[in-house]
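Summary of the model geometry
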Amino acid sequence: MVEWLGHKPARITFSSDYFKELYELGRECIRRDKAYVCHQTPKEASSYREEKKDSPWRDRPIEESLRLFEDMKKGKFGEGEATLRLKIDMTNANPVMRDPIAYRIKFSPHPRTGNQWCIYPSYDFTHCLVDSLEWVTHSLCTLEFEIRRDSYYWLLEALDMYRPFVWEFSRLTLENTIVSKRKLLKLVKGGHVRGWDDPRLPTLVALRRRGFPPKAVNRFCASIGVSRADSVVGMHSVEWAVRSELDSTVPRAKAVLRPLKVTITNFEEDHTEVLQVPNHPQKESMGKHDQVLSKHVFIDQTDFRMEDEKGYYGLAPEKTAMLRHAYPITVKEVLTDDEGVPEELLVVADTAKSTKPKGVLHWVSAAPFSAPAEVRLYDRLFKSAEVSDDTWLEDLNPESEVSTRATGMTFCSWCKCVRLTTTITRPENRELRAG
């Protein structure tokens, strides 16, 4: 995904690449009397930290801890029966400094090392040591990790290792969504979304699937910058970056989301007329494509009203509007169902273009010059702009994804298909883009 954004990593490494080195550094901590094997349960350890009390095993002999740590590695203890803890300061005002865990026992295969290990280093132990081993110059973290800076430097100093520069910045928080990995995992595992690439999620694979170009993501990140101030960024900022990029680079396609049939009565039944339509309204260099105008076309239901009113430029009985790139049409008759809902408009086309109406309508011809399609309209994942930590699951927007049948057409002579993606901010404000 980093390469998708246009950046090429110097190299890709994993903490598991250093499991052997980390284990030896754990042994070195014990030899320097900076770590010990502890048998407290998680509940007991948490209680002792709150009370700032030393573990009963804090002062056990170094050789005994070395032997027990080796036994942990050999699988002689069950999960939770023993941990390796750093010996820092149980009275420190910073709770992270109260003898944090360095190693836990876990009998689970690792994605990269398989069953080679049954003890695994903690984040607090691994982060700083791997940074130092890789000679990282700057270690960048979000502000919630600032409290861990003390233990980061303590461990490197205790082992006389190179210390990178640590810099924290505020986490990018977007309105109406979440960026917590734990919460995202719960959404995926709980079936609230279809996977990590569900277009409603803020993950990179989801943004790519939704049709966001990488340049738009980079532009958005550059526009908001990096700071230490906590802030919530509106989704409109993301969508502005996407629109700006798509508007200048993407050829246009047409689709009607809520089809209303229109029959042009002064055309013969087999009438077909090939129109030359620009692929981009402002860029002639992007060329043109053919669009067929037939006797039967579809417009969107929102472009017709039974009663006209001031400031409305769509169709109404006896009113004229322009079919984009084609002719003005005037409604002569409206066919409705039993409940009075319009089903078909009978219109007359002004092929001489003797009038120039203000209203210009989006349209596609009926089959075989168009095809039905399923279009998924995406709205905000959560109803609230700022999602509460306590009620976030209850705040899920049940209409964050709405599937609808649409009539559209493909036009690209240089490719086999057109991908249609939609981004909506509100039900009444929909944007359809092709890419």
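Here we summarise the structure given alongside this text. Just so we're clear, the structure is a prediction, and the values are computed from it rather than from any experiment. By convention here, each chain's residues receive numbers from 1 onward along its written sequence. This being a predicted model, a pLDDT of at least 70 is required before a residue's local features are given, and a value of 80 or more before pairs of side-chain atoms are given or counted; all residues contribute to the totals for chains, interfaces and linings. To obtain the side-chain values, all non-hydrogen atoms of the structure were used and water was disregarded.

1. Quick look at empty space enclosed by the protein
We count it as follows: We place a 1 Å grid over just the protein atoms. Points where a 1.4 Å probe fits but has no way out form a cavity, open points with protein on both sides within 12 Å along at least 5 of 7 lines form a pocket, and any residue with an atom within 4 Å of a point lines it. Grid points are joined across faces, edges and corners, and a volume is the space filled by probe spheres set on the points. Secondary structure elements follow DSSP: runs of H or I of four or more residues count as helices, runs of E of two or more count as strands, with numbering from the N terminus. Under the scheme applied, nonpolar residues are Ala, Val, Leu, Ile, Met, Phe, Trp, Tyr, Cys and Pro; charged residues are Asp, Glu, Lys and Arg; polar residues are all the others, including Gly.
The full count for this structure, using the stated rule, is two cavities of 30 Å³ or more. Volume-wise, the second largest cavity comes out at about 80 Å³. Together, Tyr123, Asp124, His127, Cys141, Phe145, Arg148, Arg149, Ser151, Tyr152, Val166 and Glu168 line the second largest cavity. When contributions to the lining of the second largest cavity are tallied by element, the ones reaching two or more residues are helix H4 (123–133), helix H5 (149–158) and strand S6 (165–169). Partitioned by chemical class, the residues of the lining of the second largest cavity number five nonpolar, two polar and four charged.

2. Details of the sheet that holds strand S17 (residues 360–361)
Rules: The pairing criterion is simple: DSSP has to find at least two bridges between the two strands.
Strands sit in the order S17-S14-S15-S16-S10-S13-S18 across an open sheet of seven strands; the sheet is mixed. Looking along the sheet, the strands with just one partner apiece sit at the ends: S17 and strand S18 (363–365). In this structure, strand S10 (residues 259–264) lies alongside strand S16 (residues 342–349), joined through four bridges in parallel fashion. Residue Ile264 lies in a different strand from S16, and its bridge partner there is Val347.

3. Some points on the side chain of Thr177
Formally: Buried, partly exposed and exposed residues are distinguished by accessible area as a fraction of the type maximum, computed with a 1.4 Å probe on protein chains only: under 20%, between the cut-offs, and over 50%, respectively.
With respect to the helices and strands, the residue Thr177 is situated in the loop between strand S7 (173–174) and helix H6 (181–189). Judged by relative accessible area, Thr177 falls into the buried class, the value being 9%.

4. Structural notes on the nonpolar core
As a rule of thumb, soluble globular proteins bury nonpolar side chains together. Our working rule: Nonpolar cores were defined as sets of buried Ala, Val, Leu, Ile, Met, Phe, Trp, Tyr and Cys residues, with membership established by side-chain atoms within 4.5 Å. We call two residues contacting when some pair of their heavy atoms lies within 4.5 Å.
In this structure, Phe69, Leu86, Tyr103, Ile119, Phe125, Leu129 and Leu155 are the most contacted members of the largest nonpolar core, which totals 38 residues. For this core, the secondary structure elements donating two or more residues are helix H1 (19–31), strand S1 (35–38), helix H3 (62–73), strand S2 (83–86), strand S3 (101–105), strand S4 (119–121), H4 and H5. No other element matches H1, which puts six residues into this core. When residues no more than four places from it in sequence are discounted, the contact partners of Leu86 are Cys29, Lys34, Ala35, Tyr36, Asp99, Pro100, Ala102, Phe125, Trp154 and Leu155. If you look at the next biggest cluster of nonpolar residues, it comprises 22 residues, including Val262, Leu275, Val277 and Phe304.

5. Quick look at the packing of aromatic side chains
This is how the line gets drawn: Pairing of aromatic rings covers Phe, Tyr and the six-membered ring of Trp, with a centre-to-centre limit of 6.5 Å; geometry is then stacked below 30 degrees between planes, edge-to-face above 60, and tilted otherwise. Sitting over a ring, as applied to charges here, requires NZ of Lys or CZ of Arg to be within 6 Å of the ring centre and within 35 degrees of the ring normal.
Summed over all chains, the structure comprises eleven aromatic pairs. For the ring pair Phe19 and Tyr120, a centre distance of 5.9 Å and an interplane angle of 65° mean the geometry is edge-to-face. Here Phe19 is found in helix H1, whereas its partner Tyr120 is found in strand S4, with 101 residues between them in sequence. The same class applies to Phe19 as to Tyr120, namely buried. Aromatic pair Tyr152 and Tyr153: ring centres 5.4 Å apart, planes at 85°, arrangement edge-to-face. Each member of the aromatic cluster is reached from another via a ring pair, and the members are Phe19, Tyr23, Phe69, Tyr103, Trp117, Tyr120 and Phe125. Between Lys73 and the ring centre of Tyr23, over which it is positioned, the NZ or CZ distance is 5.5 Å. When the ring centre of Tyr312 is taken as reference, the NZ or CZ atom of Arg305 above it lies at 4.0 Å.

6. Here we look at the pattern of salt bridges
How we decide: Within this document, salt bridges are pairs made up of a side-chain nitrogen of Lys or Arg and a carboxyl oxygen of Asp or Glu, the two lying within 4 Å of each other.
Here the structure, examined in full by the defined rule, presents 31 salt bridges. Across the salt bridge formed by Glu28 and Arg31, the nearest N and O atoms sit 3.1 Å from each other. With Glu28 and Arg31 both in helix H1 and three residues apart, this pair spans about one turn of that helix. Owing to a relative accessible area of 21%, Glu28 belongs among the partly exposed residues under this scheme. A relative accessible area of 38% means that Arg31 is categorised as partly exposed. Each of Glu28, Arg31, Arg32 and Asp160 takes part in salt bridges that share partners, so that together they form one network.

7. Re unusual backbone geometry
The peptide bond linking Ala367 to Pro368 adopts the cis configuration, its omega dihedral lying at 10°. By the element assignment, Pro368 lies in the loop between S18 and strand S19 (371–378).

8. Topic: the environment of Pro278
Along the chain, Pro278 turns up in strand S11 (residues 272–278). It is 9.2 Å that separates the C-alpha atoms of Pro278 and His325, two residues lying 47 residues apart in sequence.

9. A look at the packing of H1 against H4
Here is the rule we go by: To define axes, lines are fitted to C-alpha atoms, for helices over the stretch in contact only, and angles between the resulting N-to-C directions are given on a 0 to 180 degree scale. Each angle receives one of four descriptions, namely roughly parallel if under 35 degrees, roughly antiparallel if over 145, roughly perpendicular if within 65 to 115, and oblique otherwise. In a left-handed crossing the near helix is turned counterclockwise from the far helix by less than a right angle, and in a right-handed crossing that turn is clockwise.
It is at 11 Å that the axes of H1 and H4 come closest, and there the two elements cross at 110°. In terms of their interaxial angle, H1 and H4 are classed as roughly perpendicular. Seen from above, H1 lies across H4 with right-handed handedness. Where H1 approaches H4, its residues Glu21, Leu22, Leu25, Gly26 and Cys29 are matched on the opposing element by Phe125, Thr126, Leu129, Val130 and Leu133. Looking at side-chain class alone, the contact of H1 with H4 contains seven nonpolar, two polar and one charged residues.

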